[in-house]
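Each chain, letter by letter, is given below.
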Amino acid sequence: MKNSDNNFSLARAMDLYRESEYSVAVSDFLTPGEKITVYKDLTARIGNGISGCFFWGGCRGTERCAAVFLPEWYLPDGAPIHSMPSDDARTDFFAEYLAMHPEISEKIPLRGIKISGSGFRTLSHRDFMGGILSLGVSRSVVGDIAVISESEAFVIVHERIAAYIDSELTKIGRDGVKTEIVPLDPMYMIPRRYSEEVITVSSPRLDGIVKAITGKSRETAADMVRSGLVELSYEQTDNVSAVVRAGDILSIRGFGKYVVGDTTGETKSGRLKIKMKKYV
């Protein structure tokens, strides 16, 4: 298992698992898709040994997470089993555990940085990301970026790069910015911003959902799925007839990422009305 973003491999995951015999071992940040792959590959390799691992992005609600391996003497009782892709129950459990045990939380090398613009320009997630990466920083040491206002963001980064970003990030585009390293609260829920829309489809098939979102023809939408331009709950699929369900995360290259909501009813012609929330 290998990816082009950070070259995190099963071999590296196994190294961290072995290191955790003696101390807390932590990977760089993984995408949600990489997290799923790591979980599957490690489970196949070490079985119940995966119980010593949890995925942590610095607080609750994060998508980009590090794989954290705890030594046996730090393992809490009663942790929920992994449940991919979100793993919410296990994440919430470990958030409370880390909040109660700051001495363990301190061994996880993640830090928060608050970025504040001038207030005269509107800065988007893309702007904040571009500003950070323009410093030559690898994406693998940058976790979630939460835009908390039109000119402010909260970003979680690996400890080894935090001081560099804090000192070197002075502009985003044409806007001057200030940065501050801030404590991470494990119980903090990272904010998400969405725009909502309702689509109508004849059935909850993946190609039909993609067609409704993109405005493309059914044939073009199907080709997009087969060409690997679509991820369903962070995994690529070429199955155009896959059933899309409430709670799924749908990513379409060039069109954004969506949370699939509930079916709210039908049109007069019998088409399904489905709520969608697009990440902004």
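Residues numbered from 1 in each chain as written. Predicted model: local features only at pLDDT ≥ 70, side-chain atom pairs only at ≥ 80, totals over all residues. Heavy atoms only, no water.

A. Focus on the environment of Y17. Within the secondary structure layout, Y17 lies in helix 1 (residues 10-19). When the C-alpha atoms of Y17 and G49 are compared, they prove to be 8.4 Å apart, with 32 residues separating the residues in sequence. (Helix = DSSP H or I, 4+ residues; strand = E, 2+ residues; numbered from the N terminus.)

B. Quick peek at the pattern of salt bridges. In total, this model carries 12 salt bridges according to the counting rule given. With its nearest N and O atoms 3.2 Å apart, the salt bridge here joins D223 to R226. Taken together, the residues span about one helical turn, with D223 and R226 both in helix 8 (residues 218-226) at a distance of three residues. Taking the relative accessible area as the measure of exposure, R226 reaches 51% and is therefore exposed. Within the structure, one salt-bridge network assembled from shared partners comprises R205, D207 and R218. (Salt bridge = Lys/Arg side-chain N within 4 Å of Asp/Glu carboxyl O. Buried < 20%, exposed > 50% of the residue type's maximum accessible area, 1.4 Å probe, protein only.)

C. Structural detail: the packing of aromatic side chains. Per the stated rule, a full pass over the model turns up seven aromatic pairs. Consider the rings of F154 and Y188, whose centres lie 5.7 Å apart with planes at 80°: the pair is edge-to-face. Taken together, the positions of F154 in strand 6 (residues 152-158) and Y188 in the loop between strand 9 (178-182) and strand 10 (194-201) put the pair 34 residues apart, joining distant regions of the chain. Note on F154: relative accessible area 10%, which makes it buried. (Phe/Tyr/Trp six-rings, centres within 6.5 Å; stacked < 30°, edge-to-face > 60°.)

D. Geometry of the sheet that holds strand 6. With antiparallel pairing, the four strands of this open sheet are ordered in space as 5-6-4-9. Two strands bound the open sheet, and with one partner strand each, they are strand 5 (142-147) and strand 9. Taking the axes of each pair of neighbouring strands and ignoring which way they run, one obtains an average angle of 20° across the sheet. Where strand 4 (residues 110-116) meets strand 9, five bridges bridge the pair, whose relative direction is antiparallel. The partner of I113 across the bridge, within strand 9, is I181. Helix 5 (residues 125-133) rests against strand 4, strand 5 and strand 6 of the sheet, and its axis sits at about 145° to strand 5. Against the sheet, helix 6 (residues 159-168) engages strand 4, strand 6 and strand 9, with an angle of about 140° to strand 6. (Pairing = 2+ DSSP bridges. Axes fitted to C-alpha atoms, helices over the stretch in contact; angles between N-to-C directions. Contact = heavy atoms within 4.5 Å.)

E. Molecular detail of the confidence of the model for the protein chain. Residues with a pLDDT of 70 or more make up 97% of the protein chain, whose mean pLDDT is 93. Note that pLDDT drops below 50 for residues 1-6; the model gives that stretch 16 contacts with residues more than four away or on any other chain. (pLDDT = per-residue confidence, 0-100.)

F. Structural context of the packing of helix 1 against helix 2 (residues 32-46). The N-to-C vectors of helix 1 and helix 2 enclose an angle of 60°; their axes lie 10 Å apart at closest approach. In terms of orientation, helix 1 lies oblique with respect to helix 2. Relative to helix 2, the crossing made by helix 1 is right-handed. On helix 2, the residues that touch L10, A13, M14 and Y17 of helix 1 are V38, D41, L42, R45 and I46. Grouping the constituent residues of the contact of helix 1 with helix 2 by class yields seven nonpolar, no polar and two charged. (Parallel < 35°, antiparallel > 145°, perpendicular 65-115°, else oblique. Left-handed = near helix turned anticlockwise from the far one by under 90°. Nonpolar A, V, L, I, M, F, W, Y, C, P; charged D, E, K, R; others polar.)

G. How the structure looks around the sheet that holds strand 15 (residues 272-279). The strand order across the open sheet built from six strands is 10-15-14-13-11-12, with neighbouring strands paired in antiparallel fashion. Looking at which strands have only one partner, the edges of the open sheet turn out to be strand 10 and strand 12 (235-236). Alignment of strand 10 against strand 15, held across eight bridges, turns out to be antiparallel. Bridged to V198 within strand 15 is K275.

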